[in-house]
Amino acid sequence: MSHVAHLQELHGLPAHDFPEPGADRELPEAGAVAWRLAVDPYGDSSEEKFGELWDRFLDSVDLTAVRALVVGQWGEPYDDDSSGVVQRLVDARDRLTSLRAVFVGDLEREEAEISWIEQSDVTPVLEAYPLLEEFGIRGGTGLRFPAVRHRHLRTLRFEAGGLPGEVVRGVAASELPALEHLDMWLGVEEYEGDASVADLAPILSGGRFPALRHLGLRNSEIQDEIAAAVAAAPVVAQLTSLGLSLGVLTDEGATALLGGQPLTHLTRLDLHHNFVTEPVSERIRAALEPSGVEVDLSEPGETWEDDGVVHRFTAVAE
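These notes cover the structure that comes with them. Fair warning: this is a prediction, and the values are worked out from it, not measured in the lab.

**Concerning the packing of helix H7 (residues 251-259) against helix H8 (residues 278-288)**
Alright, step 1. Axis separation between H7 and H8 bottoms out at 10 Å; the angle between their running directions is 20°. The pairing of H7 with H8 is recorded here as roughly parallel in orientation. Viewed along their axes, H7 and H8 form a crossing whose handedness is left-handed. On H8, the residues touching Asp 251, Ala 254, Thr 255 and Leu 258 of H7 are Val 280, Arg 283, Ile 284 and Ala 287.
Alright, step 2. In terms of residue class, the contact of H7 with H8 is made up of five nonpolar, one polar and two charged.

Written out as structure tokens, the structure reads:
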């Protein structure tokens, strides 16, 4: 299955495409939807550019009521980075006074591979919107996230085929006292996903984000190492759900989880897309499901063997 698709909702609001120029249809109430703004850079010369779309949106919608924005394709994904999008959001901060959720990079595979999405320093959005509660980014190429302070952010999500270690360290050094949901697709080194378990240490220690209830450390080629670190991580005691899915999790990492601290207080353990054998999967279910933990071990990963070497892959890379 494809793990990279257009968002259907954001901040509890259904995603709604802002219409093309000249479209004769009534717009929904500004605060009733998550507005999706995207252009087609491969259309003919008369196609609208993102700056034109953005200006038309600002002139057409009650900006004081807009609660959520989803930014899709803004130009050639491998040529134009997201800095222009970030700057437009910053410039509109005095008009988008009710904005509480932003997602930048809502492209699916037919539009661009995830590694083609050129990002930038996205933290100015957080600085411009001190009341923002939810922030999501797709694409790790060129992404920067220096440490920030933000009092109201509750959800932070990164989807990448490779999340730079510098970004992970920036998140780990940030002050986010309200953060409840942190999800990071760490990816593979080939696509800049060079974060290590040591980079995650401040998060795993449990002292960095006191409100954290969901932690997702996913889509990693070092998923076994991460699972072993999580098995002894103090942060787990404060969680209600844990996600270690989409990566190269084998019996080694799964067994480390089983041998670590109790996980029976969780409501959900997400391990889907994995390389765990059925006997070990059954041990996990037997240890957790009687306590009411929802365990997802679906989507066994496919291996590839070459000259006796077994290759395993994350769900999302290029």
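So much for the structure itself; the text now carries on.
**A look at a negative patch on the surface**
Alright, step 1. On the surface, Glu 189, Glu 190, Glu 192, Asp 194, Glu 221 and Glu 318 cluster together to form a negatively charged patch.
Alright, step 2. Relative to the helices and strands, Glu 190 is located in the loop between strand S8 (181-187) and helix H5 (197-204).

**Here's the deal with the packing of aromatic side chains**
Alright, step 1. Under the criterion given, the structure shown has six aromatic pairs.
Alright, step 2. An angle of 25° between the planes, with centres 6.4 Å apart, marks the rings of Phe 50 and Trp 54 as stacked. You can see Phe 50 and its partner Trp 54 sitting in helix H1 (residues 50-60), four residues apart, about one turn around the helix.
Alright, step 3. Phe 50 sits in the buried class, given a relative accessible area of 5%.
Alright, step 4. Overall, the relative accessible area of 4% leaves Trp 54 in the buried class.
Alright, step 5. Considering the side-chain rings of Phe 145 and Phe 158, the 5.5 Å spacing of their centres and the 85° angle between planes classify their relative orientation as edge-to-face. Note that Phe 145 is positioned in the loop between strand S6 (134-138) and strand S7 (155-159) and Phe 158 in strand S7, a separation of 13 residues in sequence. One exposure class covers both Phe 145 and Phe 158, and it is buried.

**Some thoughts on the pattern of salt bridges**
Alright, step 1. Under the counting rule described, the total for this entry stands at 19 salt bridges.
Alright, step 2. Arg 169 is paired through a salt bridge with Asp 199; the nearest N and O atoms lie 3.3 Å apart. You can see Arg 169 sitting in helix H4 (residues 165-172) and its partner Asp 199 sitting in helix H5, a full 30 residues away along the chain.
Alright, step 3. What makes Arg 169 partly exposed here is its relative accessible area of 44%.

**Some points on H1**
Alright, step 1. For H1, the complete set of buried residues consists of Phe 50, Gly 51, Leu 53, Trp 54, Phe 57 and Leu 58. Looking straight down H1, one finds its buried side chains confined to an arc of 160°; they lie on one side.
Alright, step 2. Contacts from the buried residues of H1 go to strand S3 (34-37), strand S4 (68-71) and helix H2 (83-91).

**Quick word on the sheet that holds S7**
Alright, step 1. Spatially, the twelve strands line up as an open sheet ordered S1-S2-S3-S4-S5-S6-S7-S8-S9-S10-S11-S12, and their pairing is mixed. Two strands lie at the open edges of the sheet, namely strand S1 (9-10) and strand S12 (294-296), each paired on one side alone.
Alright, step 2. Direction of pairing for S1 relative to strand S2 (residues 13-17): antiparallel, over a ladder of two bridges. Opposite Glu 9, over in S2, you have Pro 14 as the bridge partner.

**Focus on the side chain of His 273**
Alright, step 1. Mapped onto the fold, His 273 is located in the loop between strand S11 (268-270) and H8.
Alright, step 2. You can call His 273 buried: its relative accessible area is 11%.
Alright, step 3. A distance of 3.4 Å separates the side chain of His 273 from the backbone nitrogen of Ala 315, its partner in a polar contact.
Alright, step 4. Each residue touching His 273, except ones within four places of it in the same chain, is listed here: Ser 245, Leu 246, Gly 247, Ser 298, Glu 299, Gly 301, Phe 313, Thr 314 and Ala 315.

**Observations regarding a nonpolar patch on the surface**
Alright, step 1. On the surface, Tyr 42, Tyr 78 and Trp 116 cluster together into a nonpolar patch covering about 350 Å² of accessible area.
Alright, step 2. Relative to the elements of secondary structure, Tyr 78 occurs in the loop between S4 and H2.
Alright, step 3. The class of Tyr 78 is partly exposed, set by a relative accessible area of 48%.

**Quick notes on unusual backbone geometry**
Backbone geometry follows two general trends: most residues other than glycine have a negative phi, and most peptide bonds adopt the trans configuration.
Alright, step 1. Even without a glycine there, the phi angle at His 11 is positive, about 60°.
Alright, step 2. Assignment of secondary structure puts His 11 in the loop between S1 and S2.
Alright, step 3. Even without glycine at this site, Leu 246 takes up a positive phi of about 70°.
Alright, step 4. Positionally, Leu 246 belongs in the loop between strand S10 (241-243) and H7.
Alright, step 5. The exposure class assigned to Leu 246 is buried, which follows from its relative accessible area of 1%.

**A look at the environment of Gly 247**
Alright, step 1. Residue placement: Gly 247 occurs in the loop between S10 and H7.
Alright, step 2. On the basis of relative accessible area, Gly 247 is assigned to the buried category, the value being 0%.
Alright, step 3. Among all residues touching Gly 247, those that are not within four sequence positions of it are Asn 219, Ser 220, Gln 223, His 273, Asn 274, Phe 275 and Thr 314.

The rules we used
Residues numbered from 1 in each chain as written. Predicted model: local features only at pLDDT ≥ 70, side-chain atom pairs only at ≥ 80, totals over all residues. Heavy atoms only, no water. Axes fitted to C-alpha atoms, helices over the stretch in contact; angles between N-to-C directions. Helix = DSSP H or I, 4+ residues; strand = E, 2+ residues; numbered from the N terminus. Parallel < 35°, antiparallel > 145°, perpendicular 65-115°, else oblique. Left-handed = near helix turned anticlockwise from the far one by under 90°. Contact = heavy atoms within 4.5 Å. Nonpolar A, V, L, I, M, F, W, Y, C, P; charged D, E, K, R; others polar. Patch = residues over 30% accessible without salt bridge, like charges linked within 9 Å, V, L, I, M, F, W, Y side chains within 5 Å. Areas by Shrake-Rupley, 256 points an atom, 1.4 Å probe, with all protein chains shown as cover. Salt bridge = Lys/Arg side-chain N within 4 Å of Asp/Glu carboxyl O. Lys, Arg positive; Asp, Glu negative; His and termini not counted. Charge placed at Lys NZ, Arg CZ, Asp CG, Glu CD. Phe/Tyr/Trp six-rings, centres within 6.5 Å; stacked < 30°, edge-to-face > 60°. Buried < 20%, exposed > 50% of the residue type's maximum accessible area, 1.4 Å probe, protein only. Arc of directions from axis to C-beta. Pairing = 2+ DSSP bridges. Polar contact = N/O pair within 3.5 Å; in protein donor to acceptor, adjacent residues only side chain to side chain.

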